[in-house]
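Inside the fold
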Amino acid sequence: MTVVFDAELWEWDARRTDSWTFVSLPAEASDDVRERAAEPRRGFGSVRVRVTVGATNWQTSIFPDGSRGTYVLPVKRAVREAEGLDVGDTCTVTVELAGG
């Protein structure tokens with residue numbers, strides 16, 4: 001399963017001092033992930049994914065966010081710097097569910 005979407009980068013308020021930055025997957029894509037993700041899920045309900053933003057590719061996990069009702073994708077500092085992105089910017093994201 002591969003999802004391509006545009007999303008705004010946001011900072012997780014609870015950990016502002018750590019500068020955790022995320023994008024939220026669209027609600028429909030999040031529903032599809034819930035249906036397709038293999039059980040049992042990893043810690044915190046995470047799902048392994050391969051991600052592309054601009055020219056940067058990496059592997060990580062997406063996490064369910066109960067307050068938003070969607071999965072969220074952490075976007076690490078190295079990616080933001082490589083792509084010239086900051087909180088509030090919108091980027092095109094490709095997320096592919098990883099096997100296993």
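Before reading on, note that the structure itself is shown above.
Residues numbered from 1 in each chain as written. Predicted model: local features only at pLDDT ≥ 70, side-chain atom pairs only at ≥ 80, totals over all residues. Heavy atoms only, no water.

1. Observations concerning the packing of aromatic side chains
As a reminder, the rule being used: Two rings from Phe, Tyr or Trp (for Trp, the six-membered ring) form a pair when their centres sit within 6.5 Å of each other. Planes less than 30 degrees apart are called stacked, planes more than 60 degrees apart edge-to-face, and all others tilted. Note on conventions: DSSP H or I runs of at least 4 residues are helices, E runs of at least 2 residues are strands, and numbering of each starts at the N terminus. The cut-offs for exposure are 20% and 50% of the maximum accessible area for each residue type, with area from a 1.4 Å probe on protein chains only; residues under the lower value are buried, those over the upper are exposed, and the others partly exposed. The rule for a charge over a ring is simple: NZ of Lys or CZ of Arg within 6 Å of the ring centre, and within 35 degrees of the ring normal.
Tallied over the entire structure, the rule returns 3 aromatic pairs. With 5.2 Å between their ring centres and 25 degrees between their planes, Trp10 and Phe22 make a pair best called stacked. Within this pair, whereas Trp10 is found in strand S2 (residues 10-11), its partner Phe22 is found in strand S3 (residues 21-24), the two being separated by 12 residues in sequence. Using a relative accessible area of 14% as the deciding quantity, one classes Trp10 as buried. Plain terms: the ring middles of Trp20 and Phe22 are 6.3 Å apart, the flat faces sit at 20 degrees to each other, and that makes the pair stacked. Residue classification places Trp20 among the partly exposed residues on the basis of a relative accessible area of 38%. Members of the aromatic cluster, joined through ring pairs, are Trp10, Trp12, Trp20 and Phe22. Stacked on the ring of Trp10, the Lys or Arg Arg68 has its end atom at 3.6 Å from the ring centre.

2. Topic: the nonpolar core
Put simply, the rule is: To qualify as a nonpolar core, a set must consist of buried Ala, Val, Leu, Ile, Met, Phe, Trp, Tyr and Cys residues joined through side-chain atoms within 4.5 Å. It only takes one pair of heavy atoms within 4.5 Å for two residues to be counted as in contact.
Core analysis: the biggest nonpolar cluster contains 24 residues, and Phe5, Val23, Val53, Ile62, Leu73 and Val93 have the highest contact counts within it. Listed by contribution, the elements that provide at least two residues to this core are strand S1 (2-8), helix H1 (27-36), strand S4 (47-53), strand S5 (56-65), strand S6 (70-74) and strand S7 (90-97). Residues within four places of Val53 in sequence aside, it is in contact with Trp58, Val79, Glu83, Leu85, Cys91, Thr92 and Val93.

3. Notes on the environment of Ser24
Relative to the helices and strands, Ser24 resides in strand S3. By relative accessible area, Ser24 is classed as partly exposed at 21%. Ser24 sits 44 residues away from Arg68 along the chain, and the two C-alpha atoms are 8.3 Å apart. Contacts of Ser24, omitting those with residues within four sequence positions, involve Phe5, Ala7, Trp10, Arg68, Thr70, Tyr71 and Val72.

4. As for the pairing of S5
Going by this rule: Two strands pair if DSSP finds at least two bridges between them.
Bridge count between S4 and S5: 7 bridges; the pairing is antiparallel. Note that in S5 the partner of Val51 across the bridge is Trp58. Note: S5 against S6, 3 bridges, orientation antiparallel. Of the residues in S6, the one forming a bridge with Pro64 is Tyr71. Joining the antiparallel neighbours S5 and S6 is a turn of 4 residues, in which Gly69 adopts a positive phi near 75 degrees.

5. Here we look at H1
What counts is decided by this rule: In this context, the arc is that of the directions from the helix axis out to the C-beta atoms.
Considered for burial, the residues of H1 that qualify are Ala29, Ser30 and Val33. End-on, the buried residues of H1 take up no more than an arc of 100 degrees, which puts them together on one face. Exposed residues pointing more than 90 degrees away from the buried face of H1 are listed as Glu28 and Glu35.

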